[in-house]
Amino acid sequence: MSIVRRFEHVSPAPKDPITGVTEAFLADPSPNKINLGVGAYRDDEGRPVVLQCVRDAEAKIAGSEFLESVSAAVNSKMVEESCKLIYGKDSDAVMEGRFAGIQALSGTGACRLFAEFQRRFYPNSHMYFPAPTWSNHHNIWRDAQVSARNFCYYDPQSKDLNFEGLINDIKNAPEGSFFLLHPCAHNPTGVDPTEEEWREISYYLKVKNHFPFFDVAYQGFASGVMDKDARAIHIFLQDGHLVACAQSFAKNMGLYGHRVGCLSFICDDSKQAVAIKSQLQQIARAMYGSPPVHGVLLVSTILGDQAIKALWTEEIKIMADRIQGMRATLRESLEKLGSPLNWEHITSQVGMFCYSGLKAEQIDRLVREFHVYMTSDGRISMAGVTTGNVNYLANAIHEVTNSGYEESQILGESGF
Amino acid sequence: MTVGVNVSRFEGIAMAPPDPILGVSEAFRADTNEKKLNLGVGAYRTEELQPYVLKVVKKAENLMLERGENKEYLPIEGLAAFNKATAELLLGADNPVMKEGRIATVQGLSGTGSLRLASALIERYFPGAKVLISSPTWGNHKNIFNDARVPWSEYRYYDPKTVGLDFEGMVADIKAAPEGSFILLHGCAHNPTGIDPTPEQWEKIADVIQEKNHIPFFDVAYQGFASGSLDQDAASVRLFAARGMEILVAQSYSKNLGLYAERIGAINVVCSSADAAARVKSQLKRLARPMYSNPPVHGARIVANVVGDPALFGEWKAEMELMAGRIKNVRQKLYDSLMAKDKSGKDWSFILKQIGMFSFTGLNKAQSENMTNKWHVYMTKDGRISLAGLSLAKCEYLADAIIDSYHNVS
């Protein structure tokens, strides 16, 4: 019998725009290489970090024999603590039990569960993404077969929020649309609405009965303070919105590889919450069964143990402060080098990323000549910048932007 | 500046039905009778009916704790050391498929997650192709294909008259399926029946699959649990691979390493060329990225450590034999008890012919309910009992319950 070849029509997939950067970086033999691609925190020596609170939690759970399934009690505890973290421990919804939540496979998994839920129960709705947003958002809702649209967000001219455009898009979207919002530390731009702007966004979303869905991947990384970074969501709750949140513990607990997150819905009442939870569990069961227990235990231990949680709060502040320090240093270095360009956005942007504004050719040169890796939209993960490499980086950026400057000196051009 | 809440947007959302298998454990927990027995979920129990954490797993976890490894993202396809180990475990390290690089392996979230990735691949690259599943099969198979929007239908498998395999029906149904269908096969220790084809029957199944240009799709959740030997239990998959066929195989380490809650498994696609394997792998990654980005690290490291260390691997094989051995002993004792106590002359030997964690008792729904209501024996309504939850000490009690239910309830 001749060999049957069934996979001839399967073409090679393009590299993921974010993880592909790490792949290329790993393959680069240069000793000077810097990976500013994926948003994973590094210490000032450029090393991955396992937080002490995590080590403490690991020691605490070592030998626990939870291998068969996460008990319902541990499940509920983790969800409750996660909800308190984002909605506020004094929030009415949390205290009244008007929330439905399940653990998810980090932020991606939480978003995917929500997307599947949206398709199942609101099949004709649209999900509106900020332009730009994390590239994987588009993949998630597309694979879940939910129609996606964009709303105005980033203005490349001003390097700031296009607030008017944003509000107009909210007003013009069909009633009952879904809006994906980054409550803090917007990825990839680092541009966040002010508190006043959040209030208006909340108002107009309410008028059109839109569903606010928050992707919370960086709580703690914007200001260094958990509650402060959840401010936008608290405003929405005060306004009476029924929101949903995808929370990730990848970055703020450094649990990247454990895939721990939470998807939660604020509901009208606890009966509804039970129904929604049962539907989410059903979606999860046909996708991966249940989430991996090790990460769930770590998060539930960290959030549930006062001393460990206090340590965690301190460690987040340290990470956020280091990033802010690097922002200041990078900007200063570029200014000291005599760069004629405006680098204010490096320090005004918030969170892990700097939306550098670098052009494709410049980024290409950074890779080829300087072995500096970032995503093709010019997003730089500041978490990968250290006192050891910041000067090298500043020099590299200066080189690739300075040489093109003479050709594009016309005032008013969008520049780089 | 607040606006009042409108009509609830959650009005149309009803309570999802409870999972039939997990619901059994819940009911068991609520039962206060001291004689109660949980033969519902396929999770291994010791003779003392306690959950069992394998010693090699404890050792591996201690090693990992001592090393203080980092928690960075795995690549989308998972831990390389795990992927290599799992493919070798399945096919054998010397298998030409491995040497020729013709296998695409992507770490998945246990069997379920691996099946879902495979389903997503089928939906995208073989649109309209059907998956044929055995009647009966594991309850979650249908859910996975439904959610992945892959059409499915059943092939005859279980024959209630013989409490054995309806081999002719199986072959006929596979033959009748549209060319290029995916045929879902249990590599060993069929769930829920415990009835596996013989080696000769496997050859015939492979013949008809090749004849109709179908694609074999193996669910391997019990490698090591059927015979006690990891290699022997992979014989069916290796038979197909030896014929040069392209095959999908989902693997799970939930049972054989007791890693249920760590969600560790893999999807493997054996292809006709290394180039095809590379392309398929890249597309599996493209499907995984919008599902969960990259798989969880902990379970993968445990498996890689156990399989990668010759001493630990040897210990694992020994523990595997012990677990499978305990189940075989319990099977034998149950059979002996049934034959001794049942004076009707009924032949209970089908129990000995079945293999793995489960036994299909042949009891119908009403009889299964009698098992629970009268005897406090918890099982699924299709007549399946999990022998992993049975102890030698309880075999006689169980035999009494089965005999009563079979003869006195219709």
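This structure is a prediction, so every number in the text was calculated from the model and none was measured.

S.K.: Break down the packing of aromatic side chains for me, with residues and values.
M.R.: Two aromatic rings, taken as a pair, are described by how far apart their centres are and by the angle between their planes. Residues and elements named next belong to chain B. Counting across every chain of the model gives 43 aromatic pairs over all chains. Between the aromatic rings of Tyr155 and Tyr157, the centroid separation amounts to 6.3 Å while the plane-to-plane angle is 70°, which identifies the pairing as edge-to-face. On the accessibility criterion, Tyr155 (1% relative accessible area) is buried. Here the aromatic rings of Tyr158 and Phe360 are separated by 4.7 Å at their centres, their planes lie at 90°, and the arrangement is edge-to-face.

S.K.: So what's going on with the interface of chain B and chain A? Which residues, and what values?
M.R.: Across the boundary between the two partners, chain B contributes 81 residues, which contact 91 residues of chain A. With both chains or domains summed, chain B and chain A bury close to 7300 Å², and 56% of this area falls on carbon and sulfur atoms. Among the residues chain B hides against chain A, the three largest losses belong to Arg9, Lys71 and Tyr73 of chain B. Together they make up 12% of the total. Inspection of the region where chain B meets chain A yields seven salt bridges. Notably, a salt bridge pairs Arg42 of chain A with Glu72 of chain B, separated by 2.9 Å at the nearest N-O pair.

S.K.: Outline the domain arrangement of chain B, listing residues and values.
M.R.: Residue and element names in this part refer to chain B. Domains assigned within chain B are domain 1 (21-52 + 314-408) and domain 2 (73-308). Of the residues lining the interface, 24 residues belong to domain 1; the matching set on domain 2 comes to 28 residues. Taken together, both faces of the contact between domain 1 and domain 2 bury some 2000 Å²; the carbon and sulfur share is 71%. On the domain 1 side of the contact with domain 2, Trp316, Ile355 and Phe360 bury the most area, a combined 35% of that side's loss. Taken together, domain 1 and domain 2 are joined by zero salt bridges. Across the domain 1-domain 2 interface, the total number found is six residue pairs in polar contact (both at pLDDT 80 or more). Among the secondary structure elements, those contributing two or more residues to the side of domain 1 that touches domain 2 are α13 (310-341), α14 (350-353) and β11 (358-360).

About the cut-offs
- Residues numbered from 1 in each chain as written.
- Chains lettered and ligands numbered in written order.
- Predicted model: local features only at pLDDT ≥ 70, side-chain atom pairs only at ≥ 80, totals over all residues.
- Heavy atoms only, no water.
- Phe/Tyr/Trp six-rings, centres within 6.5 Å; stacked < 30°, edge-to-face > 60°.
- Buried < 20%, exposed > 50% of the residue type's maximum accessible area, 1.4 Å probe, protein only.
- Contact = heavy atoms within 4.5 Å.
- Buried area = accessible area lost by both parts, 1.4 Å probe.
- Salt bridge = Lys/Arg side-chain N within 4 Å of Asp/Glu carboxyl O.
- Domains from an automatic or database assignment.
- Polar contact = N/O pair within 3.5 Å; in protein donor to acceptor, adjacent residues only side chain to side chain.
- Helix = DSSP H or I, 4+ residues; strand = E, 2+ residues; numbered from the N terminus.

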